[in-house]
Amino acid sequence: MSSSTQSGKAKLAGRVGIVGTGHRARLYTHSIAARPQLELVALCDTNSDRMEHHNGLLKEHGRSEARKYAAEDFNKMLEDEKLDILVVTTIDYTHDLYIVPAIKKGIKVLTEKPMTTDVEKCKEILSAVEENNGSVQVLFNYRYNPVHWKVAEVIAEGKIGNVKSVHFEWLLDTVHGADYFRRWHRYKDRSGGLMVHKSSHHFDLVNFWIQSKPASVFGMGALSFYGTDQGKKSGWARDYDRARGSKEAEDDPFAIHLEDDAGLKALYHDAEHVDNYHRDMNVFANDITIEDDMSVLVHYESGVNMTYHLTAYSPWEGYRVMFNGDQGRLEVEVVESTHRVAGKKGGGAEGVVHGEKALKNEGHNKITLQKLWGEKEDVPFVWATGGHGGGDEAMLDQIFGPIPGSEEHKSPINRLSADQTDGALAMAVGLAANESFKTGKLVQIKELLGRQL
Ligand SMILES: NC(=O)c1ccc[n+]([C@@H]2O[C@H](COP(=O)([O-])OP(=O)(O)OC[C@H]3O[C@@H](n4cnc5c(N)ncnc54)[C@H](O)[C@@H]3O)[C@@H](O)[C@H]2O)c1
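Cut-off values and rules
- Residues numbered from 1 in each chain as written.
- Predicted model: local features only at pLDDT ≥ 70, side-chain atom pairs only at ≥ 80, totals over all residues.
- Heavy atoms only, no water.
- UniProt positions renumbered as here; feature names shortened; annotations may be inferred.
- Helix = DSSP H or I, 4+ residues; strand = E, 2+ residues; numbered from the N terminus.
- Buried < 20%, exposed > 50% of the residue type's maximum accessible area, 1.4 Å probe, protein only.
- Arc of directions from axis to C-beta.
- Contact = heavy atoms within 4.5 Å.
- Polar contact = N/O pair within 3.5 Å; in protein donor to acceptor, adjacent residues only side chain to side chain.
- Pairing = 2+ DSSP bridges.
- Axes fitted to C-alpha atoms, helices over the stretch in contact; angles between N-to-C directions.
- Salt bridge = Lys/Arg side-chain N within 4 Å of Asp/Glu carboxyl O.
- Near = heavy atom within 4 Å.
- Areas by Shrake-Rupley, 256 points an atom, 1.4 Å probe, with all protein chains shown as cover.
- Nonpolar A, V, L, I, M, F, W, Y, C, P; charged D, E, K, R; others polar.

Going by the annotation in an unreviewed UniProt entry, the name recorded for the protein chain is Oxidoreductase, with Kwoniella dendrophila CBS 6074 given as the source organism.

The following block contains the structure:
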């Protein structure tokens, strides 16, 4: 693999392929196209229209079009294109199908989170990396958000001493939270449920913050709000299958109207004739197999215990996390959006897709440190307003180097990049929680994965 040196650090360079040319992949298409040391030469997807959309983005940057490969021709793509880097942005349960052959070919793999969705696939990826001396980076952009690395820094500096326990609550609002119930995420076998799909970000942060590994997990989860029965009880349910073409959906605040956003229209509305991918299904349907309200207890190898909660139907969006140490306490509060205003068809779709940019009605963000026997003090940090709290831009700059002519989004601490072991440990907590939801028992991570990580 080739690399170039910018800001004194080796950055990735060379021939790139992207598999999975949906919404998230746009971030990578844009960022590769903007960096001359990278060339996006190949796209692979089950939907040719979505690949074409990405070629349109390349043209906007004045770059050459990439060759398009159907999903079943992925191995031919690896054979023909001599890639240096593969970016995996397909839907979660298919990541392994592409990560494993690329590792076997010696290609550097950058995969979106979660690394995969079940234990067998996870083991297969870990074995492929070990046997081929491969390299996988799991794209945990949250690590690069300045709030998050500041927390890591404060803990590493010993400001609260040895961490003893963590209390963590994450709230998804009725716009973003609902989005996981409109399409493939709502099926556990495709996304691993929110414990794997969404919370792997949060569990990765905790592993990173306290520098320990999860050992055992107990959890309870339920579909308490979305779904037909719950929606009928609360009075929110409307009777339609999907928003497109439905009168009932026009003023349903839980609906998404793909025509209202040029990007969503091109990627999904106009492309669904190819594969019947309906991105606008009713969140109060009766085929949802994931939870929307989850409580989890995690014990770490270092002795730390964590209580964690995820809710996907909150009026505001953000999170609170508290660390108790033997020298003091650290508290973080981030209000990404104080409230949402109910929308309807024709009202635009800004802020509907998670993490694209800062949300409307942004609230306060603070980190507070309180030493034992001392008063509370605010911990200063730089607040960034880009995608995922600035995490996306900082991550891309660290992997690929800054866009020529732009200032680098710097992350002052090292060890931000996550490898396959980090990817496995992050998803292991979610997999164990899912197992505990089913069995009502405490799950040992080592037994679940069949190995020590
Ligand atoms: N890090 C983050 O903050 C973040 C944010 C959003 C999405 N993601 C991740 O990015 C990935 C993509 O999410 P998205 O929202 O863009 O989804 P999406 O549905 O918009 O795109 C997925 C693409 O994969 C394609 N696809 C489906 N099955 C395939 C197969 N078997 N082979 C090849 N292609 C296939 C689809 O046609 C689609 O184009 C997911 O893994 C998701 O978890 C990460």
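Participant: Would you mind going over the UniProt feature "domain: Gfo/Idh/MocA-like oxidoreductase N-terminal" (unreviewed entry) in the protein chain with me for this structure?
Facilitator: As recorded in UniProt, the feature "domain: Gfo/Idh/MocA-like oxidoreductase N-terminal" (unreviewed entry) lies at residues 15-139. The span residues 15-139 is 43% helical and 22% strand by assignment, and the distance between its end C-alpha atoms comes to 19 Å.

Participant: Teacher, can you tell me more about helix H12 (residues 262-269) here?
Facilitator: In an α-helix there are 3.6 residues to a turn, and that puts residues three or four apart on one side. When we look at burial in H12, the residues that qualify are Gly263, Leu264, Leu267, Tyr268 and His269. Angularly, the buried residues of H12 cover 160 degrees about the axis, an arc narrow enough to put them on a single face. Looking at the buried side of H12, the elements it contacts are helix H1 (25-33), helix H2 (48-60) and helix H13 (272-275). Its side-chain oxygen placed 3.0 Å from the backbone nitrogen of glycine 263, aspartate 261 serves as the N-cap of H12.

Participant: Help me out: how do you make sense of the sheet that holds strand E5 (residues 67-70) in this one?
Facilitator: Sheets are built from strands that pair by backbone hydrogen bonding, the pairs being arranged parallel or antiparallel. Pairing within the open sheet is parallel, and its six strands lie in the order E5-E4-E3-E6-E7-E8. Of all strands in the sheet, those bounded by a partner on one side alone are E5 and strand E8 (136-138). Averaged over neighbouring strand pairs, the angle between their axes works out to 20 degrees when direction is ignored. Relative to E8, strand E7 (residues 108-111) runs parallel, the two sharing three bridges. Its bridge partner lying in E8, leucine 110 is registered against glutamine 137.

Participant: How should the pattern of salt bridges be read in this particular structure?
Facilitator: Pairs can form between side chains of opposite charge whenever their charged atoms are close. Under the defined criterion, the tally for this structure stands at 32 salt bridges. Put simply, arginine 15 and glutamate 81 hold a salt bridge, and the shortest N to O gap is 3.1 Å. Placement of the pair is arginine 15 in strand E3 (residues 14-19) and glutamate 81 in helix H3 (residues 74-81), with a sequence separation of 66 residues. The exposure class of arginine 15 is partly exposed, given its relative accessible area of 27%. For glutamate 81, a relative accessible area of 1% puts it in the buried group.

Participant: Can you help me understand the site of the ligand in this one?
Facilitator: With respect to spatial proximity, 27 residues lie near the ligand, and among them Asp45, Asp92, Tyr98, Tyr268 and Tyr277 are the closest. The separation between an oxygen atom of the ligand and a polar main-chain atom of histidine 23 is 3.2 Å. Notes on the ligand: free accessible area 840 Å², of which the protein chains cover 91%. A class-by-class count of the residues in the shell around the ligand yields seven nonpolar, 13 polar and seven charged.

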